[in-house]
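What follows is each chain in one-letter form.
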Amino acid sequence: MLVDTIVAGAGLWGCTVARRLAEAGRHVLVLEKRKAVGGNCRCRTEKGIEVHLYGSHIFHTSNEEVWKFVNRFVSFNDYRHSVLANRRGKIYHLPIGCTLLKEFFGRALKPSELTEVDRTALFDAFIRGYTSKQWGVSPEDVDPSVIARLKVRDTFSTDYFDDPHQGIPAEGYNELFRRMLDHPNIRVKCNAPFVLQSAKSLTCPVYYSGPIDQLFGSRLGHLPWRTLRFETEHLPRRDFQGATVVNYSDASVPYTRIHEFRHYHPEKAGAFAKPQGTIITREYSSAWKPGDEQYYPIDNAASRELLAKYRQLVDSFNAEAASSGGKLIVGGRLGEYRYYDMDKSIAAALAVEI
Ligand code: UDP
């Protein structure tokens, strides 16, 4: 196969773009720096349990086009996400809604009925500690859009997300990626980081979804990130917490949450009923340093300014590369430096001009 297009990075954005290019008749080489494709959705099946290697990934979307696209490759189970919070050893049902208010205040209340004092108490109980662990700063210094991701409900619903379409690929996340890339016009090379050469030597389009600063050797400085560390444990019991995710609200607990992956596949509950153990992962958040995995971009004035400078570098590179047929198209969570849900990353890839 004579390659005419390169896709660098095989996460959701890269694989969606690669598939679209292949179906448009292009001959695509997918280069993936890691040893396997799938980005942070990558999983490993252990003892029949699909372990999400980079923390829980729950597919949820209101975007019909995205939903149709992913359903071309895999089917989804009926899992609907809900999250518990452990505060001082007591369990509450997130998000903040009538259920949690009843549990916390001991009486039926709607969020609209809360006084300022109530709101502060709730914030201190469920947001302050968690957010300071997650972001390393006090919640007042976190962009409000981050905390606003957490829905407020005026009903007893404990659904974490509003989206009509939710689920986990029944065949597993790895299979989603394998099938997206399974096309005669796509060749995949893993352990193959993309290295940007001079503009003149670039003779074909490159769709790049790695970190935008690393594309240029971070020559203007590193974009700041939060990184995560996962501690995974096999336990010789059927069930550890009876839920996929329990958030630990207290600043005194060093981890932010515990994931228990077997609960993502309720359709396999029969098989899990056999005593084969369970697998849990404790998630710890910390400041990123070069060499760490990038998880959450830190949105502030300084990072936005630095990002704009890297985007200018892409534009100047493209102006120079145009004469030799080269072009850099930068996208995805790492390329755009965006806090992307999975569906948003696919939607962005479906909108890329090819
Ligand atoms: N958050 C919180 N307490 C919680 C859950 C979330 O304070 O129990 C805040 C926290 O700042 C977090 C943000 O809300 O970063 C978004 O939460 P989400 O569950 O969407 O985080 P993600 O799963 O994307 O890490």
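Residues numbered from 1 in each chain as written. Predicted model: local features only at pLDDT ≥ 70, side-chain atom pairs only at ≥ 80, totals over all residues. Heavy atoms only, no water.

Asks: Just checking my understanding: could you explain the sheet that holds strand β7 (residues 90–93) for this structure?
Replies: By definition, the strands of a sheet pair up through backbone hydrogen bonds, in either a parallel or an antiparallel sense. Overall, mixed pairing links the 7 strands, which are arranged β7-β6-β12-β13-β14-β11-β15 in an open sheet. Two strands lie at the open edges of the sheet, namely β7 and β15 (296–297), each paired on one side alone. Here strand β11 (residues 225–235) pairs with β15 via 2 bridges, running antiparallel. Its bridge partner lying in β15, W225 is registered against P297. This element, helix α3 (residues 98–105), spans β6 (83–87) and β7 of the sheet and lies at about 150° to β7. (Pairing = 2+ DSSP bridges. Helix = DSSP H or I, 4+ residues; strand = E, 2+ residues; numbered from the N terminus. Contact = heavy atoms within 4.5 Å. Axes fitted to C-alpha atoms, helices over the stretch in contact; angles between N-to-C directions.)

Asks: Even after reading the chapter, I still don't get the site of the ligand, so can you show me in this structure?
Replies: Near the ligand you find 16 residues, and of these T131, W135, Y160, Y296 and Y339 are the closest. One of the side-chain N or O atoms of Y296 is found 2.4 Å from an oxygen atom in the ligand. Within the complex, the protein chains bury 93% of what would otherwise be the 520 Å² of accessible surface of the ligand. Elements with a contribution of two residues or more to the shell around the ligand: α4 (116–135) and α5 (144–147). Per-element tally for the shell around the ligand: the top contributor is α4, with 6 residues. (Near = heavy atom within 4 Å. Polar contact = N/O pair within 3.5 Å; in protein donor to acceptor, adjacent residues only side chain to side chain. Areas by Shrake-Rupley, 256 points an atom, 1.4 Å probe, with all protein chains shown as cover.)

Asks: Even after reading the chapter, I still don't get the side chain of D163, so can you show me in this structure?
Replies: Residue placement: D163 occurs in the loop between α5 and β8 (165–167). The buried charged residue D163 lacks any salt bridge partner; its closest oppositely charged side chain belongs to K344, at an N-O distance of 5.7 Å. Here S62 takes part through its side chain, which lies 2.5 Å from a polar atom of the side chain of D163. What D163 contacts, discounting residues up to four positions off in sequence, is H60, T61, S62 and R80. (Buried < 20%, exposed > 50% of the residue type's maximum accessible area, 1.4 Å probe, protein only. Lys, Arg positive; Asp, Glu negative; His and termini not counted. Salt bridge = Lys/Arg side-chain N within 4 Å of Asp/Glu carboxyl O.)

Asks: I would appreciate a short explanation of the layout of surface pockets in the present structure.
Replies: Over the atoms, a rolling probe the size of a water molecule traces out where space has been left empty. The space that makes up the second largest pocket amounts to roughly 400 Å³. Lining the second largest pocket are 19 residues, with D143, V146, P297, I298 and D299 sitting closest to its centre. Listing elements by their share of the lining of the second largest pocket, those giving two or more residues are α5 and α9 (301–321). For the lining of the second largest pocket, the per-class residue count stands at 9 nonpolar, 2 polar and 8 charged. (1 Å grid on protein atoms, 1.4 Å probe; cavity = no way out; pocket = protein on both sides within 12 Å on 5 of 7 lines; lining within 4 Å. Points joined across faces, edges and corners; volume = space filled by probe spheres on them. Nonpolar A, V, L, I, M, F, W, Y, C, P; charged D, E, K, R; others polar.)

Asks: I would appreciate a short explanation of the packing of helix α1 (residues 12–23) against helix α11 (residues 342–351) in the present structure.
Replies: A pair of packed helices is characterised by two quantities: the angle between their axes and the separation of those axes. Two numbers describe how α1 lies on α11: the axes approach to 8 Å, and their chain directions differ by 35°. The way α1 lies across α11 gives a crossing that is right-handed. Each of L12, W13, T16, V17 and R20 in α1 lies in contact with α11, whose residues at this interface are M342, S345, I346, A348, A349, L350 and A351. Its residues assigned to classes, the contact of α1 with α11 comprises 9 nonpolar, 2 polar and 1 charged. (Left-handed = near helix turned anticlockwise from the far one by under 90°.)

Asks: I would appreciate a short explanation of α4 in the present structure.
Replies: Since there are 3.6 residues in each turn of an α-helix, residues three or four apart along the chain are aligned in direction. Over its 20 residues, α4 extends only 25 Å from the first C-alpha to the last, a length that falls short of the 28 Å expected when each residue adds 1.5 Å. Of all the bends in α4, the greatest measures close to 45° and is centred on D124. Residues D118, L122, A125, F126, I127, G129, Y130, T131, K133, Q134 and W135 constitute the buried set of α4. (Expected span 1.5 Å × (residues − 1). Bend = angle between axes of the 7 residues up to and from the residue.)

Asks: Would you mind going over the packing of aromatic side chains with me for this structure?
Replies: Pairs of aromatic rings are described using the distance from one ring centre to the other and the angle between the two planes. For the coordinates displayed, the defined rule picks out 20 aromatic pairs. The interplanar angle of 25° and the centroid separation of 6.2 Å between the aromatic rings of F59 and W67 together place this pair among those described as stacked. W67 shares its class with F59; the two are buried. Between Y255 and Y284, the ring centres sit 5.8 Å apart and the planes meet at 85°, which makes this aromatic pair edge-to-face. Of this pair, Y255 sits in the loop between β12 (245–248) and β13 (257–260) while Y284 sits in strand β14 (residues 278–287), placing them 29 residues apart in sequence. (Phe/Tyr/Trp six-rings, centres within 6.5 Å; stacked < 30°, edge-to-face > 60°.)

Asks: I keep staring at the pairing of β12 and nothing clicks. Help me out?
Replies: Here β12 shows a buried face lined by V245 and N247 and a second buried face lined by V246 and Y248. Bridging between β6 and β12 involves 4 bridges; their strand directions are parallel. Among the inter-strand pairings, L84 is bridged to a residue of β12, identified as V246. With 3 bridges connecting them, β12 and β13 associate as antiparallel partners. Directly across from N247, in β13, lies its bridge partner R257.

Asks: Honestly, the environment of I280 in this entry has me stumped. Any pointers?
Replies: Mapped onto the elements, I280 comes out in strand β14. By relative accessible area, I280 is classed as buried at 0%. Counting along the chain gives 141 residues from I280 to P139, while the straight-line C-alpha distance between them is 28 Å. With sequence-adjacent residues up to four places away left out, I280 is seen in contact with E231, T232, E233, L235, F240, I258, H259 and E260.

Asks: Sorry, what's going on with unusual backbone geometry here?
Replies: Peptide bonds are mostly trans, and most non-glycine residues show a negative phi. In this structure, P95 follows L94 across a cis peptide bond, with omega equal to -5°. Considering the arrangement of structural elements, one finds P95 in the loop between β7 and α3. A positive phi angle is found at K47, which is not glycine, with a value near 50°. Mapping K47 onto the fold places it in the loop between β3 (43–46) and β4 (49–52). In this structure, S218 is a non-glycine residue whose phi angle is positive, near 50°. Tracing the chain through its elements places S218 in the loop between α7 (212–215) and β11. The class of S218 is buried, set by a relative accessible area of 13%.

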